[in-house]
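# Architecture and fold: a report
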Amino acid sequence: MNILIPIQRNEVAPRFDLSSEIVIAEIRRGDKSISDPRILLLPRTSGDELCSLIVKENVSCVVCGGIEEAHFEYLLWKKVTVYDGVIGPYGEALEWVLDNRLRSGQILPGASLRK
């Protein structure tokens, strides 16, 4: 299973369509491991282009912060599982997906609290 997470520094990006950096990793459920994640820099921020990349890369799971309803519905139509409203480090989010513990709206324990 390929998983994609829009990121900002080491955190899940607050907005799906405004991130120019993403991480793609393969989760192998058989041996409960995560492949070395690839970090990609996108030439511009675009929710539509990100959706196209998700389909092209055969991504089956997306973890993100906020996402527009149109993009959310498109991904569901393409049979992509979407965990939205997630806050915290992307590495921790990957581990939680591997352990089948991640839920939409999840604030991960490693989330930095900004004032």
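Right above here is the structure, for reference.
Rules of the game
Residues numbered from 1 in each chain as written. Predicted model: local features only at pLDDT ≥ 70, side-chain atom pairs only at ≥ 80, totals over all residues. Heavy atoms only, no water. Helix = DSSP H or I, 4+ residues; strand = E, 2+ residues; numbered from the N terminus. Contact = heavy atoms within 4.5 Å. Phe/Tyr/Trp six-rings, centres within 6.5 Å; stacked < 30°, edge-to-face > 60°. Buried < 20%, exposed > 50% of the residue type's maximum accessible area, 1.4 Å probe, protein only. Salt bridge = Lys/Arg side-chain N within 4 Å of Asp/Glu carboxyl O. Pairing = 2+ DSSP bridges.

### Description of the environment of V86
Checked against the element boundaries, V86 lands in the loop between β7 (81–83) and α3 (90–98). Residues V86 and L108, 22 residues apart in the sequence, show an inter-C-alpha distance of 7.5 Å. Once you skip the residues sitting within four places of it in the chain, V86 turns out to touch V12, V63, C64, G65, L102, R103, G105, Q106 and L108.

### Description of the packing of aromatic side chains
By the definition in use, this model includes one aromatic pair. When the ring of Y74 is compared with that of W77, the centres are 5.9 Å apart and the planes differ by 50°; the resulting orientation is tilted. Taken together, the residues Y74 and W77, both in helix α2 (residues 69–77) and three residues apart, mark about one turn of the helix. On the basis of relative accessibility, which here comes to 29%, the residue Y74 falls in the partly exposed class. Given a relative accessible area of 59%, W77 falls into the exposed group.

### Quick word on α3
Counting buried residues along α3, seven of its nine residues qualify, which places the element largely inside the surrounding structure. Those residues of α3 not exposed but buried are Y90, E92, A93, L94, W96, V97 and L98. Positive phi shows up at N100, right after α3, with a value of about 60°.

### Some remarks on the pattern of salt bridges
A complete count under the given rule lists five salt bridges for this structure. Measuring nitrogen to oxygen at the nearest pair gives 3.0 Å for the salt bridge that ties R44 to E49. The salt bridge partner of D99 is R101, with a shortest N-O separation of 3.8 Å. Each of R15, D17 and E68 takes part in a single network of salt bridges with overlapping partners.

### Some points on the pairing of strand β1 (residues 2–8)
In terms of burial, β1 is largely enclosed, as five of its seven residues are buried. Sheet topology note: the β1/strand β3 (residues 21–28) ladder contains five bridges and is antiparallel. Residue pairing for β3: N2 is matched across the bridge by E26. Pairing geometry for β1 and strand β6 (residues 59–63), over three bridges, is parallel. Paired with N2 across the bridge in β6 is V59. Here β1 runs beside strand β2 (residues 11–12); their pairing, made up of two bridges, is antiparallel. The partner of I7 across the bridge, within β2, is V12. Where β1 folds back on β2, the antiparallel hairpin that results is connected by two residues, among which R9 adopts a positive phi of roughly 55°.

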